[in-house]
Amino acid sequence: MTGHRSFWLATAILALAFAGCGEGGGHERDTGEDDAVGDVETTEGAADADADADEGADADADADADADADADADADADGDADSGTACNTCHGDSTSPAPPVSLDRSTSTSVRGIGAHRSHLGTSAWHHEVLCNDCHIVPATLLAPGHIDTDLPAEITWNTLAVADGASPAWDGITCTGVYCHGATLLPGGTNRQPAWTTVDGSQAACGTCHSLPPGGTHPALTNCPVCHGGVVGSGGTWTNPNLHIDGIVQGGAHPDGWGSGTVHGPAAESDLASCETCHGTDLLGGTTGVSCESCHAGWRTNCTFCHGGTDNLTGAPPEGVGGETDPLSVHVGAHTSHVEDTATHLAYSCSRCHVTPTDATSPGHMNGDGRGEVFFDPLNPAAMYDRATATCSSLYCHGNGQGNNGRIVWNTDPTLTCSSCHNDETTPEGSFTMSGQHWQHVGDIPFTCSECHSTVVDSTKHIIDRASHVDGDVDVSLARGGTWDPATLTCTPACHVPRSW
């Protein structure tokens, strides 16, 4: 029986010898328990005197051993260290392995080994639970390398939460800096983003210490957090789900998927502007949120390039499309640039040539939810039609031969256009020639170039010299060799022949 008790005495001494263990690594063996060992020896001596009288003590010891084994099994299930000794054998207490109590049995939060451990670990009424391995390496066993075989203090090894959102945390023995969980990435940030570890008075838990209140930067100047984050925080600063607060993810938010496309909300607003109006008001000047779209995007209503265009020019014509399209083969892009910019054959056309130009982004029919720019041709093309399925414009004046509304072209192709792409010239064979009146006699039989009769619009090398007069709906006749033209009677009186009806 004496030998049996000696076994338990030796076990107790070994446990105390290893009392320098602790989660997170970097613990030296603690020598602050010598008096306790002496007390154990003295107590054991007294116990030996009574040992034979009470064999029930052995049964108690066995029960205690079973209890320790159960505790170790629980520790394993929780992912804590396993060496036959639960983590809270050396530090922490029956409710948690985290200090207090520390290795030297201190309980004051002013001691660095204790500090704000319990403010982080365990469930919280206002933040996501921080785990031991968020700041330390949790050893697999008591004797795992780096655990009790290195000097104090415990090493800090930042894990997922601390480095979330690109944070770069650091620890100088007094304060944590650059950690995600204290707002390092929430610029301009709150009033206390570098907390002192041993200051545990609740001041670092106040709203506005990690992020400004309201948050700065591009965040709306709104203090009514539940409007966008109701799944996390409720009215009056109550917490709907504290586990979603400081969890590495911006939770909630009232904007639909796809809203945050750079600085342009584009497709989301276009597809469902009514959702914007639900919170921001039908005029988008505040509504129930009190946040006007203008507060972040001044002048967006009349700035066409806020939602589309701005790549090739500043007219608002794609590229880029509302959904970010830049490929000319996309119907959202197509030949916009060659229409709204000056070219060798015509001056820039206004958007109103093919669309109803809104006075405001929210004008009726503009952001109507179908994601399409409706085509409405102006009087230059009175008979024109657009087939979206084939991306084809037909019955056009502007791509016709000048004698009516007979032009046709595919919108999302990039053809090389010449004079004969739209109307015949001296290169067109007689059998294919379709121009009106006496054109063939002049350009085919003589032959003349176009400049002989249209000298103010085109030169002898077939370059357009007056782009404002080309493809403008009017036929400009100006005889290079002199003479007159009567558009009412279609009579030409040139220097080269007698008056003749065209």
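Quantities reported herein were computed from a predicted structural model and do not represent experimental measurements. (Residues numbered from 1 in each chain as written. Predicted model: local features only at pLDDT ≥ 70, side-chain atom pairs only at ≥ 80, totals over all residues. Heavy atoms only, no water.)

**Q** Would you mind going over the overall build of the protein chain with me for this structure?
**A** A tally of regular secondary structure across the protein chain gives 10 helices and 8 strands. Within the protein chain, the fraction of its 502 residues that count as buried is 31%. Contacts in the protein chain between residues at least 24 apart in sequence constitute 40% of all its contacts with a sequence separation of at least 6. Accessible surface, the protein chain as shown: approximately 27,400 Å² in total, 55% of it carbon and sulfur. (Helix = DSSP H or I, 4+ residues; strand = E, 2+ residues; numbered from the N terminus. Buried < 20%, exposed > 50% of the residue type's maximum accessible area, 1.4 Å probe, protein only. Contact = heavy atoms within 4.5 Å. Areas by Shrake-Rupley, 256 points an atom, 1.4 Å probe, with all protein chains shown as cover.)

**Q** Explanation requested: the pairing of strand S5 (residues 407-410) in the structure shown.
**A** Residues in a regular strand project their side chains so that they alternate between the two faces of the sheet. Of the two faces of S5, the one lined by Gly-407 and Ile-409 is fully buried and the one lined by Arg-408 and Val-410 carries no buried residue. As defined by bridge partners, strand S4 (residues 392-396) adjoins S5 across 4 bridges and the pair is classed as antiparallel. Bridge pairing links Cys-393 to Ile-409 in S5. (Pairing = 2+ DSSP bridges.)

**Q** So what exactly am I meant to see when it comes to the sheet that holds strand S7 (residues 491-494) here?
**A** In any sheet, the strands associate via hydrogen bonds between backbone groups, in a parallel or an antiparallel arrangement. Taken in spatial order, the 3 strands make up an open sheet running S6-S7-S8, and their pairing is antiparallel. Looking at which strands have only one partner, the edges of the open sheet turn out to be strand S6 (483-486) and strand S8 (500-501). The sheet contact formed by S6 and S7 spans 4 bridges and is antiparallel. Considered in S7, the bridge of Trp-485 is made with Cys-492.

**Q** So what exactly am I meant to see when it comes to the pattern of salt bridges here?
**A** Two side chains of opposite charge can pair, provided their charged atoms sit close to one another. Scanning the entire structure with this criterion turns up 7 salt bridges. The shortest N-O distance in the salt bridge between Lys-462 and Asp-425 comes to 2.7 Å. Of this pair, Lys-462 sits in the loop between helix H10 (439-445) and S6 while Asp-425 is found in the loop between helix H9 (419-422) and H10, placing the two residues 37 residues apart along the sequence. Among the salt bridges present, the one from Glu-426 reaches Lys-462, with a minimum N-O distance of 3.3 Å. Residue Glu-426 is found in the loop between H9 and H10, and its partner Lys-462 is found in the loop between H10 and S6; the two are separated by 36 residues along the sequence. When its relative accessible area of 33% is taken as the criterion, Glu-426 is described as partly exposed. Here Lys-462 falls in the partly exposed class, since its relative accessible area comes to 26%. Counted as one network, the salt bridges with shared partners bring together Glu-294, Arg-301 and Asp-360. (Salt bridge = Lys/Arg side-chain N within 4 Å of Asp/Glu carboxyl O.)

**Q** Sorry if this is basic, but what is going on with the sheet that holds strand S3 (residues 385-387) here?
**A** Read across the sheet, 3 strands follow the order S3-S4-S5 without closing on themselves; strand pairing throughout is antiparallel. Each end of this open sheet is capped by a strand with a single partner; those strands are S3 and S5. Within the sheet, the average angular offset between the axes of one strand and its neighbour, ignoring direction, is 15 degrees. Pairing between S3 and S4: 3 bridges, direction antiparallel. Within S4, the residue paired with Met-385 across the bridge is Ser-394. (Axes fitted to C-alpha atoms, helices over the stretch in contact; angles between N-to-C directions.)

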